[in-house]
Amino acid sequence: KFPMTWVRRGAGMPVQGGDWALERLGAILMEGSELSTVTNCVFTRLDSNAVFLSGYNRNVTVALNEFSWLGQSAIASWGRSNDWDGTNGDQPRFTQVIGNFAHDIGIIQKQSSFYFQAETCQTLLRNNICYDIPRAAINFDDGFGGGNELVDNLLFNTCRESSDHGVFNSWDRMPYVTMVRDGVTPSAIPAFNDVHHNFFVANYAADGGCLDNDDGSSWYQIRNNFCVYGGHKSDFDGHSKQSIGNLHVYPSVYGPSCVVVSAQLLPAVGFNEVYANNTCILGAAGQPVMRLDSRPIPAAANFTITLQYNKIFVPNASAVVEYSKTVTFQQFQAMGYDTGSVVSDDVPDVDTIMAWAKALLAPDAPGRKR
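Once a new chain begins, its residue numbering starts again from 1 and follows that chain's sequence as written. Reporting of local features is limited, given that this is a predicted model, to residues whose pLDDT is at least 70; pairs of side-chain atoms are given and counted only at 80 or more, and all residues count toward the totals for whole chains, interfaces and linings. Heavy atoms from the whole structure form the basis of all side-chain values; hydrogens and water molecules are not counted.

Peer 1: What exactly am I supposed to notice about the state of the cysteines here?
Peer 2: Any covalent bond linking the sulfur atoms of two cysteines counts as a disulfide. Criterion for a disulfide: a pair of cysteine sulfur atoms within 2.5 Å. Tallied over the entire structure, the rule returns one disulfide. Note that Cys258 is cross-linked by a disulfide to Cys280, the S-S spacing being 2.0 Å. Residues Cys258 and Cys280 are joined by a disulfide whose S-S torsion is about -95 degrees; by sign, that bridge is left-handed. Pair noted here: Cys258 is in the loop between β27 (247-249) and β28 (259-262) and Cys280 is in strand β30 (residues 279-281), with a separation of 22 residues, a long-range link. Here a strand is any run of E in DSSP of at least two residues, a helix any run of H or I of at least four, and the numbering for each starts at the N terminus.

The structure is reproduced here in structure tokens:
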């Protein structure tokens, strides 16, 4: 029996905020577990998922395993809620996914990942390596609760059999009420997700960039990452994503650009998208620093995308900004936008880029949690 692919709600599937539906099945299926560990295992040539966390799980560790030639995903985590109410606690929380090695998965089901979560929160993904897969390496199906951390992961050769996706993908079409943000108050506002000090390569058809924050994805701190071929994306009314201190090399989000805000209105006041203190290296003269889906923009004082103190490297110092019209970056700044940013034609060579990347990702690099 082959698993279904590209299915939505139905057949007993719970409400979700994203695209996925899947069976609660794995070579190891865990429900109701606490302080359990899956470590030093080899999962290979399985038709379904390898490890599945279903419903209530607490402080599970999945570490130092190898996953290869799987029909579906390596690790999937899927809780339960009462529709929008997630205060029942019937979800995987405080899971640690550390030091795993995954490749050649999704052989049967292409909508699969190294790690997938839905109605799950407060997950740590650290020091994992994943490559040669059909879709995103890590996929958050919704914004349930938040409080997730991705750090020191190496992800590349993703989206080899699909597109309209990134190395990391997220959706957030449905608000959930949890108490994760402050531990006591029921709220539809989740805790921030922290994505930092990762090495992402958005090659093959990962045209959503390194982090494809799609369809309402919000509440992300994206900082100090080395991203090759991917920039900052906000799509379909996403907001409150703070992209700070990243190194974006030859970025592309459905075409060259450091920042893309697509198919949405601008965020409301107080929910700004932020692109600040980043280094962005564009591949050709005349490429855009930012694209805004051909829409007009308000005066700088009312513009709810915070752009400032970025370093843009591009041949001939020639970059543009695209909205309802196309202007040079210098004209954009003259209108009061993107204060403190600089454009330079001193495009770094590969050795310089790699030296910057090594410093950015070093164990003692700024911004690391102690």
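Further notes follow.
Peer 1: What am I meant to see in helix α2 (residues 350-361) here?
Peer 2: Along an α-helix, residues three or four apart share an orientation, since each turn contains 3.6 residues. Under the 1.5 Å per step criterion, the end-to-end length of α2 is 16 Å for 12 residues, consistent within 8% with the ideal 16 Å. Any pair of residues with heavy atoms lying within 4.5 Å of one another is described as a contacting pair. On its buried face, α2 sits against β24 (226-228), β27 and β30. Multiplying one less than the number of residues by 1.5 Å gives the expected span of a helix.

Peer 1: I would appreciate a short explanation of the environment of Cys159 in the present structure.
Peer 2: For Cys159, the position within the fold is in the loop between β18 (154-155) and β19 (168-170). Cys159 sits 94 residues away from Val253 along the chain, and the two C-alpha atoms are 14 Å apart. Residues contacting Cys159, with those up to four places away along its chain left out, are Ile133, Pro134, Arg135, Ala136, His165, Gly166, Tyr204, Ala205 and Ala206.

Peer 1: So what exactly am I meant to see when it comes to the sheet that holds strand β11 (residues 96-98) here?
Peer 2: Paired through their backbone hydrogen bonds, the strands of a sheet run either parallel or antiparallel. When DSSP finds at least two bridges between two strands, those strands are taken to pair. Spatially, β3-β7-β11-β14-β17-β20-β23-β26-β29-β32 is the arrangement adopted by the 10 strands of the open sheet, whose pairing is parallel. For this open sheet the edge positions go to β3 (37-39) and β32 (305-308), each flanked by a neighbour on one side alone. With direction set aside, neighbouring strand axes in the sheet form an average angle of 5 degrees. Pairing of strand β20 (residues 193-196) with strand β23 (residues 218-223), which is carried by four bridges, proceeds in the parallel orientation. Simply put, an axis is a line fit to the C-alpha atoms, just over the touching stretch for a helix, and the angle between two N-to-C directions goes from 0 to 180 degrees.

Peer 1: Whenever I open this one, the pairing of strand β5 (residues 51-54) confuses me. Can you help?
Peer 2: Along any regular strand, the residues point their side chains to alternate faces of the sheet. Classification of residues uses two cut-offs on accessible area relative to the type maximum, computed with a 1.4 Å probe and protein chains only: under 20% is buried, over 50% is exposed, and between them is partly exposed. Burial of β5 is two-sided: the residues Val51 and Leu53 facing one way and the residues Phe52 and Ser54 facing the other way are all buried. For strand β1 (residues 28-30) and β5, the ladder comprises three bridges, and the chain directions are parallel. Within β5, the residue paired with Met30 across the bridge is Leu53. Sheet topology places β5 next to strand β9 (residues 75-78); four bridges connect them, and they run parallel. Within the sheet, the bridge partner assigned to Leu53 lies in β9 and is Ser77.

Peer 1: When you look at the environment of Ala137 in this model, what are you seeing that I'm missing?
Peer 2: Mapped onto the fold, Ala137 is located in the loop between β15 (129-131) and β16 (138-140). Separated by 33 residues in sequence, Ala137 and Ser170 have C-alpha atoms that sit 11 Å apart. When near neighbours in sequence (up to four residues on either side) are disregarded, Ala137 contacts Ser113, Phe114, Tyr115, Cys130, Leu155, Thr158 and Val167.

Peer 1: Would you take a moment to explain the side chain of Ser257 for this structure?
Peer 2: Looking at the secondary structure, you find Ser257 in the loop between β27 and β28. Judged by relative accessible area, Ser257 falls into the buried class, the value being 0%. In terms of polar contacts, Ser257 uses its side chain to reach the backbone carbonyl oxygen of Val289, at 3.4 Å. Excluding anything up to four places from it in sequence, Ser257 contacts Gly231, Pro251, Ser252, Pro288, Val289, Met290 and Arg291. Side-chain atoms alone can form a polar contact between residues adjacent in sequence; in general such a contact is a pair of N or O atoms within 3.5 Å, and within protein one must be able to donate a hydrogen while the other accepts it.

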